[in-house]
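Structural overview for review
One letter stands for each residue in the lines below.
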Amino acid sequence: DTEVTQTPKHLVMGMTNKKSLKCEQHMGHRAMYWYKQKAKKPPELMFVYSYEKLSINESVPSRFSPECPNSSLLNLHLHALQPEDSALYLCASSGTDLFYGYTFGSGTRLTVV
Amino acid sequence: SQQGEEDPQALSIQEGENATMNCSYKTSINNLQWYRQNSGRGLVHLILIRSNEREKHSGRLRVTLDTSKKSSSLLITASRAADTASYFCATDGFPPSSGSARQLTFGSGTQLTVLP
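Residues numbered from 1 in each chain as written. Chains lettered and ligands numbered in written order. Predicted model: local features only at pLDDT ≥ 70, side-chain atom pairs only at ≥ 80, totals over all residues. Heavy atoms only, no water.

**Re the overall build of chain B**
To keep it simple, the criterion reads: Secondary structure elements follow DSSP: runs of H or I of four or more residues count as helices, runs of E of two or more count as strands, with numbering from the N terminus. A simple rule labels every residue: compare its accessible area, found with a 1.4 Å probe on the protein chains alone, to the largest value its type can have, and call it buried under 20%, exposed over 50%, or partly exposed in between. Residues are treated as being in contact if the distance between any of their heavy atoms lies within 4.5 Å. For accessible areas, the Shrake-Rupley method is used with a probe of radius 1.4 Å. Any residue's cover is judged against the shown protein chains and nothing else. This count recognises Lys and Arg as positive and Asp and Glu as negative, with His and chain-terminal groups excluded. Note on charges: their place is set at NZ of Lys, CZ of Arg, CG of Asp or CD of Glu.
From N to C terminus, chain B includes zero helices and eleven strands. Each helix and strand of chain B, placed in order from N terminus to C terminus, yields the pattern β-β-β-β-β-β-β-β-β-β-β. The C-alpha extent of chain B, read off along each of the three principal axes, is 45 × 30 × 20 Å. Here chain B holds 116 residues, and the buried ones make up 47% of them. Contacts in chain B between residues far apart in sequence, at least 24 positions, make up 56% of those at least 6 positions apart. Summed over all atoms, the accessible surface of chain B reaches about 5400 Å², with 46% contributed by carbon and sulfur. Placing the 12 positive and 10 negative side-chain charges of chain B at their respective mean positions leaves the two points 6 Å apart.

**A word on the overall build of chain A**
For clarity, the cut-off: Our radius of gyration is a C-alpha quantity, and the globule rule it is checked against amounts to 2.2 Å times the number of residues to the power 0.38.
A count of helical and extended segments in chain A gives zero helices and eleven strands. The helix and strand sequence of chain A, counted from the amino end, reads β-β-β-β-β-β-β-β-β-β-β. A globule of 113 residues ought to have a C-alpha radius of gyration of about 13 Å, and chain A, at 13 Å, matches this closely. Considering chain A as a whole, with its 113 residues, one finds that 47% of them fall into the buried category. Contacts spanning at least 24 positions in sequence make up 54% of the contacts within chain A whose residues lie at least 6 apart. About 5600 Å² of surface is accessible on chain A, with carbon and sulfur atoms providing 51% of the total. Treating the 12 positive side-chain charges of chain A as one cloud and the 10 negative ones as another, the clouds have centres 8 Å apart.

**Description of the interface of chain B and chain A**
Threshold: Reported buried area values correspond to the accessible surface (1.4 Å probe) lost by two parts on association, with both partners' losses combined. For salt bridges, the criterion is a side-chain nitrogen of Lys or Arg within 4 Å of an Asp or Glu carboxyl oxygen. Three categories are distinguished: nonpolar for Ala, Val, Leu, Ile, Met, Phe, Trp, Tyr, Cys and Pro, charged for Asp, Glu, Lys and Arg, and polar for the others, with Gly belonging to the last.
Residue-level contacts link 25 residues of chain B with 26 residues of chain A. In total, chain B and chain A occlude about 2000 Å² of area from one another, counting both sides; carbon and sulfur atoms represent 58% of this. Linking chain B with chain A are zero salt bridges, by the criterion used here. For the side of chain B that touches chain A, the per-class residue count stands at eight nonpolar, 13 polar and four charged.

**With respect to the sheet that holds strand 7 (residues 61-66) of chain B**
Residue and element names in this part refer to chain B. Quick reminder of the rule: We treat two strands as partners when DSSP finds at least two bridges between them.
The sheet built from five strands is open, its strands ordered 1-3-8-7-6 with antiparallel pairing. Edge positions in the sheet fall to strand 1 (6-7) and strand 6 (55-58), since each of these pairs with one other strand and no more. As paired strands, strand 1 and strand 3 (residues 19-24) are joined by two bridges and run antiparallel to one another. Opposite aspartate 7, over in strand 3, you have asparagine 22 as the bridge partner.

**Comments concerning the packing of aromatic side chains**
Note the cut-off: The aromatic pairing rule takes the rings of Phe, Tyr and Trp, using the six-membered ring of Trp, and pairs them if the centres are within 6.5 Å, calling planes under 30 degrees apart stacked, those over 60 edge-to-face and the rest tilted. Whether a charge sits over a ring depends on NZ of Lys or CZ of Arg being within 6 Å of the ring centre and within 35 degrees of the ring normal.
Taken as a whole and assessed by the stated rule, the structure comprises nine aromatic pairs over all chains. Ring centres 5.7 Å apart and planes at 50° place the aromatic pair A:Tyr35 and A:Phe104 in the tilted group. Taken as a pair, A:Tyr35 in strand 4 (residues 31-37) and A:Phe104 in strand 10 (residues 103-104) lie far apart in primary sequence, 69 residues in all. Pair check on accessibility: A:Tyr35 and A:Phe104 agree, each one buried. Pairing A:Tyr35 with B:Phe106 gives two aromatic rings, centres 5.6 Å apart and planes at 85°, and the pair type is edge-to-face. Taken together, the positions of A:Tyr35 in strand 4 and B:Phe106 in strand 10 (residues 103-106) put the pair across two chains. As far as the burial class goes, A:Tyr35 and B:Phe106 line up, both buried. One aromatic cluster is present, built from ring pairs that chain together A:Tyr33, A:Tyr35, A:Tyr102, A:Phe104, B:Tyr35, B:Phe88 and B:Phe106. B:Arg50 extends its terminal NZ or CZ atom over the ring of A:Phe99, reaching a point 4.0 Å from the ring centre.

**Digging into the environment of A:Val12**
Residues and elements named next belong to chain A. Here valine 12 is to be found in strand 2 (residues 10-13). Taking the relative accessible area as the measure of exposure, valine 12 reaches 56% and is therefore exposed. Along the primary structure valine 12 and arginine 109 are separated by 97 residues, whereas in three dimensions their C-alpha atoms are 8.4 Å apart. Those residues within four positions of valine 12 in sequence are excluded, and the remaining contacts are Thr111 and Val113.

**Description of the side chain of B:Ser86**
All names here are of chain B. The condition that has to hold: Pairs of N or O atoms are called polar contacts if they sit within 3.5 Å, as long as, within protein, a hydrogen donor faces a hydrogen acceptor (for residues adjacent in sequence, only side-chain-to-side-chain pairs).
Among the secondary structure elements, serine 86 is positioned in strand 9 (residues 85-93). Accessibility expressed as a relative area gives 17% for serine 86, which makes it buried. For serine 86, the side chain forms a polar contact with the side chain of glutamine 111, separated by 2.8 Å. Serine 86 has contacts with Tyr35, Arg36, Gln37, Thr110 and Gln111, leaving out every residue within four places of it along the chain.

Set out below in structure tokens:
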């Protein structure tokens, strides 16, 4: 069982839809992350929330919008996506102590049609 | 962006053999981590080695780090079919552009297949 929970596990959406991916962590961590992973590629960082401060990968298009309601929850709002946005979206959390690794959720498999 | 390269890209071995994967990176790091990913699933943290450490063991895993060469290796001993997965190295730091936030940047990954 993972202590980072992502919902839904699978999502199919049209290019005109608005949807949200949700992530919740029960680790007491103060940093949460969204990663995007295409098939046979490594995960790429999209957004970081650390102590409620947002850092953005400037290459991420504005059709992706993160939201951090509190330190345990992280949402990713999706609007007007393109088929090339189809990917595995991974949420992770970490503490600030550099002696410990990150904890990842099991991901949301997104397909844009 | 991708931190570095891993080699080999793919490795196929028999059960019981050892598997070695190598990772190179580009920037200064606080630590280097290794993760496993089963097909289409989330990543599982395996082991972390700090920048001032040279070798670390955890069960059947042995990690080395050479900061002068900006490289690391992961050795899995006595491999099992259940070890079949993708393995990623990842570097952890505090890039100036992110203020105080940690950022984990992944290498290209090695697909390991252990044949029964």
